[in-house]
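Chain by chain, the residues run as shown.
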Amino acid sequence: MDFDINNEKVQMEKDGQIIDCDILFTFDSEDTMKSYIGYTDHSIASNGRKNIYVSSYDPLKPGFVLENITDKKELQMIQEVLQKFDAEANS
Amino acid sequence: MSNEEKVYLIEGPHSTLSKEEVKQSLKQAFDEIKILRKKIDSEKDFAAREAIITELTAKIEDLDTRVSQFNAQEDSVDEVHEEISQVDQQILDLQKELKTMSQEYEASYQKMQAIIDEQQRQLDSINGLFSDEDLQNIREEYAEKKLSENAKSVSIKSRIDSQQKHLAALKRRKNKMKRDVEASHEAGISVADVNEIQNVLKKKTVVDAIMNQKGLGKVVSKKASERTAEEKKAVREAKKEIESEVRAAKKEHKKEDILSLVEALYSLQVQYRKGRSPRILIIPDRQLDTIRVRVHNMPEKIIHIDEASADYVPGDIPADMQEVMESREPKVKKKFLMVKSNKGLCYVTSEAIDEFDLSVSDEAIFVDGNPFYQIRLEDAEKLLADSDDYEFEQRTVELDEQKENENDEVVDDTNHDVVEQVTVYQDSESNDYYVPKYALSRFHLKPKSEEVIIQGRACTRISDVDYDYILSHQDNGYSPYQVRTDTVDIEKNNSEEKTVVEPETPKKKEVILLYKGLNDENGTYASEEVLSRFGFDALGDVVPIEGNHCHAIDSVTEDGIQAAAKAVDIEVKYQHVLIEKKSNDPIVLTLYKDVNDNGQVYANIMDLVRLGFSIDGEVTTVEEIACHKINSVSEKEFIFRAEQSKDPIYSVDYRNVYLNKNNHFSGIQRVEVPIYHDLNDNNQPYATVELLTQLGLPINETVVIEGVECSSVSREDLNRIRDFVEQSTDPLQSIAYHDVMVTKKVEEITVTIYRDTNDNNQLYARRELLEQFGITPVGEITIIEGIDCYPVDATMNQSILDQVVTCRNPKYLLYYRDMALDHVEKLEAETIDIKLYHDIDHSQVYVPKEVLEQFGIKFEGNIFIIDGHDCCQISMDKHQQLLDKVNSSENPKYAIQYMPTDDLAIKEVHPKPHVETIINHITEGLEIKGKDVAYYRSSNLRPAKMFVNDLKSGNWIYNIVHVCPAVGKLTVGFATKLSGKLLLSETGKASMQEIERRLREELTDEEWEVLFDEYKGSVLKTDMNNQINDLILVGLKEYAYRKVENLNQGIKDSYLKLFAVVGSLREIEIELGRDDLAPEEEEKYFEIRKMLLSDGACYAKNILEYRKEANNLLSSGIHGIEEDFKAVSTKLSYVGMRFAKTNDFNNELQAKLAKYGQGLNDAIAKDDPEGIISNFIELESCYFQHTDIERDALGKRSIGFKYYSPLAEEFDYRNDPFISDCFFTGVVATTGVQVFHALKVNDQNNQILQELQQHTKSNQGTAFYGMRQQAHQDLLSASQIMENNGIVKHDFSSTYSQIQEITTRYASGAINQSQALNEMALVAEKTQATLVDVAKEALKTVTDTNAKESLQFIVSNPEAVVHLNNGFMDTLEYANGMAELSSLPSDIHTSLLGALGTATFAAQVASRMESKYGKKQGYGNEVTEGLEEMLKEGVPSFEEKAKKM
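Calculation notes
- Residues numbered from 1 in each chain as written.
- Chains lettered and ligands numbered in written order.
- Predicted model: local features only at pLDDT ≥ 70, side-chain atom pairs only at ≥ 80, totals over all residues.
- Heavy atoms only, no water.
- Helix = DSSP H or I, 4+ residues; strand = E, 2+ residues; numbered from the N terminus.
- Buried < 20%, exposed > 50% of the residue type's maximum accessible area, 1.4 Å probe, protein only.
- Contact = heavy atoms within 4.5 Å.
- Areas by Shrake-Rupley, 256 points an atom, 1.4 Å probe, with all protein chains shown as cover.
- Phe/Tyr/Trp six-rings, centres within 6.5 Å; stacked < 30°, edge-to-face > 60°.
- Lys NZ or Arg CZ within 6 Å of the ring centre and 35° of its normal.
- Pairing = 2+ DSSP bridges.
- Axes fitted to C-alpha atoms, helices over the stretch in contact; angles between N-to-C directions.
- Parallel < 35°, antiparallel > 145°, perpendicular 65-115°, else oblique.
- Left-handed = near helix turned anticlockwise from the far one by under 90°.
- Nonpolar A, V, L, I, M, F, W, Y, C, P; charged D, E, K, R; others polar.
- Salt bridge = Lys/Arg side-chain N within 4 Å of Asp/Glu carboxyl O.
- Lys, Arg positive; Asp, Glu negative; His and termini not counted.
- Polar contact = N/O pair within 3.5 Å; in protein donor to acceptor, adjacent residues only side chain to side chain.
- Core = buried A, V, L, I, M, F, W, Y, C linked by side-chain atoms within 4.5 Å.
- Patch = residues over 30% accessible without salt bridge, like charges linked within 9 Å, V, L, I, M, F, W, Y side chains within 5 Å.
- Charge placed at Lys NZ, Arg CZ, Asp CG, Glu CD.
- pLDDT = per-residue confidence, 0-100.

So, on to the overall build of chain B. Along the backbone of chain B there are 48 helices and 45 strands. Within chain B, the fraction of its 1445 residues that count as buried is 44%. In chain B, the share of contacts with a sequence separation of at least 24, taken over all contacts with a separation of at least 6, comes to 70%. As displayed, chain B offers around 77,500 Å² of accessible surface, 48% of which is attributable to carbon and sulfur atoms.

Shown next as structure tokens:
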């Protein structure tokens, strides 16, 4: 079922406060059986860039906790996805 | 009189007297003596006086004896009592120490307990959640503390054990000493005597000999195990009798030693006297030479037997004795020439001087070229007297002036006081010394060169040593002389030299001598001459032997000399000598004490000379050594001078001798008794068999020595021989020692004594060994390595050691072997039956696995469970192997019993599978993605509009942060939607479903058991994909739930049995309360009561145990720690019991619970069945009575202080009735949605519904009930309808199928309630919609439903619409409210706000719950029913009965 992620939020605890983050994108991977979420709190890093947080979500684990991504293959996949988004947006 | 009092026994009419009484009696005796003495003074009559004196003497002797006994006993008893006191003190000290250590041990235990409690408190008191790492740290910290404390505790315990053993040993020792004191009192002898008697009577030879006399010889020759009971009794009694006889004898003859008494009593000859240690008399070579010289000077045979005159001077022939020269050659007179000068002086040749040992002057004349020496005139007269052996030819010469002048130097020979002159010539060039030839024999010197003429005298060179000797002995007391040393130029003129004839050297074959040191372990020595002759180096120190400079040689050199000598036809002979060692060892000077003469002391004449004493008085031969009697003053002087001497150093030694006073120079012939020393066997002595037979000494293996049959003798026997010889008078005998070589191979025998490390190193030895060493085996038999062994005490051990040390052939090698003995070994063989199972039909024997292991037979193949034993099939070979081992067993003795398997079930058990095998089974052939692919593929890409816009604009560049500073959380709804497609993707679904299917359908319980063991609350394998872990987890939980269910069944059974016991106990109490109850009946009831109490206590303990195990499985084995802490944070705690959540804490209740809880633990510890049952029931009742369940609009909830659940509950809130009721509301919501969907409303319908909505809001209760009844039917209908309408179509179908599976299994009983709930919650987690969302969603699409069908429903159930509507609204509100409940753990949130499907499922489950927990306001079970029933009559108490008993 498709659903609209535009109005969805992700809560993030930062500096002791709960922050609602906008979801920028999601995608799945049948290879890892995980979903991936890109979200942002619109903060700007010291290098002037906007921070996009990317986390994974394993639907088979209890709890609805986002996990960090450390696997290189997953990171590579994220890069590809972002490039796709970029290409599609500018096509 | 007690044993502790000192009892003094005095011979005579008195039996036992106290110390004071003894003193009194002695005083009395002394007074009597005083009276008698006075009587003597006053008595005038001689006869009467004599009588009084006799009486007085007797009394004095008696008093003397008694005083001596008194003193001896006082010492003896005092010593023992002192020793007992010391041991007592040691025991007390040790007991104190043990007490301290026990306290330390107890403190350590308490400390351990405190650590455990502290850990538990820390875990219990947590308010927040601990991470796994923190928890691990806590556990590690406390584990370390526990380990450390445990180590201390173990160490203390080990010390306690050791000290207890020591204490036991001390007590044994004390008891023995007390027994000895008691025995000494009874027997009237000292404690030392008692011990000595015991020691003597331990010797086998003694006991056997005595037993022989008592007619028990054959009995004692048997092994103890072979003796009958009567025989054993007879031996025991005989031993007691012997002991008492010997004690009585000792009492009578206090001065005799025990062994002598035994010999006397039983006419034995078992005396073993400790031999005197052999003394090595070191005789310096010079002394030996001097003695030889003296011997040489002494007449060969004395034919006149008489008392020697008191003024006899050694060296001179007594005037009254005739000298007889025994000629060894045929009676041919020797001819000599005597020359008389014109001045009347007589001269003879050197041969004559040698022959007759004449004193000469240094005056010499040459007659016909031959030297003649002046002799004393009186000697000349003697020589000229008639003789059968020689004759002197006389010649007269006229001396010239020169020679006469030379003759003026001749000393006047007629003067007996003129000292002999000996001239020694020293070569001015070489500094060698030369002496006249006669001096060689005079001083027994060895010539070092051929004859050399010096100043007209035939001289030969002597060694420096000999020169020193001559010089040092000139002032000897019996043959003094003066040495004059002249330095000359010696012309070695060949024409004047004459061949030196060595009188002692045989002319036929040259002989060289090698020396064997008698006091040097037969070390071999060779002279420097011999060594240089044969080309060997003279190594080491110079050792003077017989005037030669010798050196020690090794066997190689010795062999070389022998070979070289043989090559040149020279004979090698050995001479045994005493080596004068140049060591710092003092020279031993022996003083002889004549025991037969009141210890009169004799000193060796040579020693007296050494120490500068004058030699006078009678010479006495003592052990073939010429000695003088010395008085006490001289004795002291002797010792003093010996001590003062620094070079050489002397030591004085005493030796007891038994002298025959007629034993000196009387010419009495002695009979020699040969004793042979085997040089090859450390001088093992041998005596002739004849002698040994004569003396009745044991004869060992005989050998022929010098043509005489001989046997080896022990040192003790040798001393007996010596004593015998010394005491012999007719004929007089002396021992002649001969060195021989009796070649024998020394046999080495290893003997083993066992040392028990488990019993304070108690020693044990085999009977044969003890008998071999002459020790009677006594004491309890201990079997070591299948052989009877006897304890060995310190005395026996020492005896064995002594004998081992002194034994020669065989040589015993003693070996102590440490064993850790088990002391429960019995002498009698134990019989053990072994059961084997025989399947007659299939000719197959099954053997229990432990039996095969016991007999070391390898088993293979599958395990079969027969009669509760793990058994194996065995082949015929292995069966025979087993039979052989069983038949050959002795102690224990095994016997096989074959059990037919007809009535026994044989269950084959396969070997447990390995976890890897199981995982492989699950995943085989499946494509488990996630780890193996080269790259990951993405799907379902969903960019947000905002993001797309940003990308389009190109305004932003981004940092991709993939390791976030804080982990984000998703809402449930979003999460489920997010992964919806993923989970439903074909690939993932296929693999996961297949795995699930395999887990569900193909894994056996045994395989689940293996996985469960591996799992234990954590992730199964970290290198596996998460998917697989989670799936396995599901199955593991299912498996665990099954186990819990079994345990719950066990709890239920135990409860029911406990209730029955309580009922029976109540009845018995009633019976026991009857007044008319007969004593036998009362006794019978008490018996039954006791049994029931024991059974009841057992059931109570079972309940506690099962409940704890099951709840542990639920709480930590299944859910993991995280869940536990969540539960704790919600105040759900106490395994087995659940608390109410929000009530105030009830202190009074808690105090009661504490009392009963502690009472229960105490009763279990003390194994008090009454206490266990009482406290258990009190506790359970408390919980039960304070558990209140109330029903309200939101469902049933627990409102009491406790939530009591007798059975093991899911350690989770999800089982809470409150929560389960929430599922009811889910049902309502679902149904509501269904209905509204079913209503394909048009505007009109909508309006109707809205109106209905407003009117029926208050009637909510009915809706619940209604829907409940229709739950099942509606579920199916609703799902169908919903599906038709596309509402959450995809989500629901998956969820629905899962729910349906759960439902089906639960309905069929394949899973239990708690399991079903849990699975349902999981499904809720997995599915994609929250209750609120779904409800909202459903409402949105309400218009999409099929109105027609819905209307039909509504028409049929008009009220339902209203109710449903209301219910729906309530549910919605409730669901909203639920979403905001923050006091509940998040999982409740999750569980409750499950998907639509979850809710519908919950309805079904909830209906089951209701049926199961129908009692006690909707909750409870048959257990609570039983409890309720029981408590109707009040809580049973056993206190009254206890008082009565």
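Before going further, it helps to spend a moment on the packing of aromatic side chains. On inspection of all chains with the given rule, the structure shows 19 aromatic pairs over all chains. Measuring from ring centre to ring centre gives 5.4 Å for Phe25(A) and Phe85(A), while their planes differ by 55°; the resulting arrangement is tilted. One end of the pair, Phe25(A), is in strand β2 (residues 17–29); the other, Phe85(A), is in helix α1 (residues 72–89), and 60 residues separate them in sequence. Summarising the burial analysis for this pair, Phe25(A) and Phe85(A) share the class buried. Taking 5.0 Å as the distance between ring centres and 15° as the angle between the ring planes, the aromatic pair formed by Phe27(A) and Tyr36(A) counts as stacked. Like Phe27(A), the residue Tyr36(A) is buried in the burial classification. An aromatic cluster of three or more residues is present, and its members are Phe25(A), Phe27(A), Tyr36(A), Phe85(A) and Phe947(B). A cation over a ring is seen here: Lys145(B) above Tyr142(B), with NZ or CZ 4.8 Å from the ring centre. Of note, Arg641(B) hangs over the ring of Phe613(B), and the distance from its end group to the ring centre comes to 4.1 Å.

We now examine the sheet that holds strand β18 (residues 587–594) of chain B. Residues and elements named next belong to chain B. Across the sheet, which stays open at both edges, the five strands sit in the order β20-β21-β19-β18-β22 with mixed pairing between neighbours. Here the strands that pair on one side only, and so sit at the sheet edges, are β20 (619–622) and β22 (650–657). Neighbour to neighbour, the strand axes of the sheet diverge by 40° on average, direction disregarded. Examined bridge by bridge, β18 and strand β19 (residues 600–604) share four bridges and lie antiparallel to one another. Considered in β19, the bridge of Lys593 is made with Val601. Helix α18 (residues 632–644) rests against β18, β19, β21 (625–630) and β22 of the sheet, and its axis sits at about 145° to β22.

Residue and element names in this part refer to chain B. Interaxial distance between helix α5 (residues 204–213) and helix α8 (residues 258–266) falls to 11 Å at its minimum, and their mutual angle equals 20°. Judged by the inter-axis angle, α5 sits roughly parallel to α8. Of the two elements, α5 crosses α8, and the hand of that crossing is left-handed. Judged by residue contacts, Val206, Ile210 and Gln213 of α5 engage Leu259, Val262 and Tyr266 from α8. Of the residues that constitute the contact of α5 with α8, the class distribution is five nonpolar, one polar and no charged.

A word on the pattern of salt bridges. Residues and elements named next belong to chain B. Counted by the stated rule, this structure contains 36 salt bridges over all chains. With its nearest N and O atoms 3.1 Å apart, the salt bridge here joins Glu32 to Lys59. With Glu32 in helix α1 (residues 19–42) and Lys59 in helix α2 (residues 46–124), this pair connects stretches of sequence that are 27 residues apart. Using a relative accessible area of 26% as the deciding quantity, one classes Lys59 as partly exposed. It is possible to trace a salt-bridge network through shared partners that takes in Lys111, Glu149 and Lys152.

All names here are of chain B. The five strands are arranged β30-β31-β29-β28-β32 in an open sheet whose pairing can be described as mixed. Of all strands in the sheet, those bounded by a partner on one side alone are β30 (782–784) and β32 (811–819). With direction set aside, neighbouring strand axes in the sheet form an average angle of 40°. Pairing of strand β29 (residues 762–766) with strand β31 (residues 787–792) involves four bridges; the strand directions are antiparallel.

Okay, the side chain of Glu1178(B) next. All names here are of chain B. Inspection of the secondary structure puts Glu1178 in helix α34 (residues 1169–1185). Here Glu1178 occupies a buried position and makes no salt bridge, while the nearest side chain of opposite charge, Lys1155, is found at 6.7 Å. One polar contact links Glu1178 to Tyr1156, side chain to side chain, over a distance of 3.4 Å.

Residues and elements named next belong to chain B. Unusually for a residue other than glycine, Asn431 sits at a positive phi of about 60°. One can find Asn431 in the loop between β8 (420–427) and β9 (433–436). For Asn761, which is not glycine, the phi dihedral falls at a positive 60°. If you trace the backbone, Asn761 turns up in the loop between β28 (748–756) and β29.

The subject of this paragraph is the environment of Arg1107(B). With respect to the secondary-structure elements, Arg1107(B) resides in helix α31 (residues 1079–1118). Counting along the chain gives 59 residues from Arg1107(B) to Asn1048(B), while the straight-line C-alpha distance between them is 7.2 Å.

Attention now goes to the nonpolar core. Ranked by internal contacts, the top residues of the largest apolar core, which has 34 residues, are Val10(A), Phe25(A), Ile37(A), Tyr39(A), Phe947(B), Leu970(B) and Phe974(B). Core analysis: the second largest hydrophobic core is formed by 30 residues, Val348(B), Tyr373(B), Val435(B) and Leu445(B) among them.

Moving on to a negative patch on the surface. A cluster of acidic side chains, namely Glu1080(B), Glu1081(B), Glu1083(B) and Glu1087(B), defines a negative patch on the protein surface. Mapped onto the elements, Glu1083(B) comes out in helix α31.

Attention now goes to the confidence of the model for chain B. All names here are of chain B. Across chain B, pLDDT averages 69, with 62% of residues at or above 70. Per-residue pLDDT stays below 50 along residues 401–418; that stretch engages in 27 contacts with residues further than four places along the chain or on separate chains. A low-confidence stretch, residues 661–669 (pLDDT under 50), is modelled with 18 contacts involving residues beyond four sequence positions or located in other chains. Here the complex is predicted with pTM 0.30, and the ipTM for its interfaces comes to 0.93.

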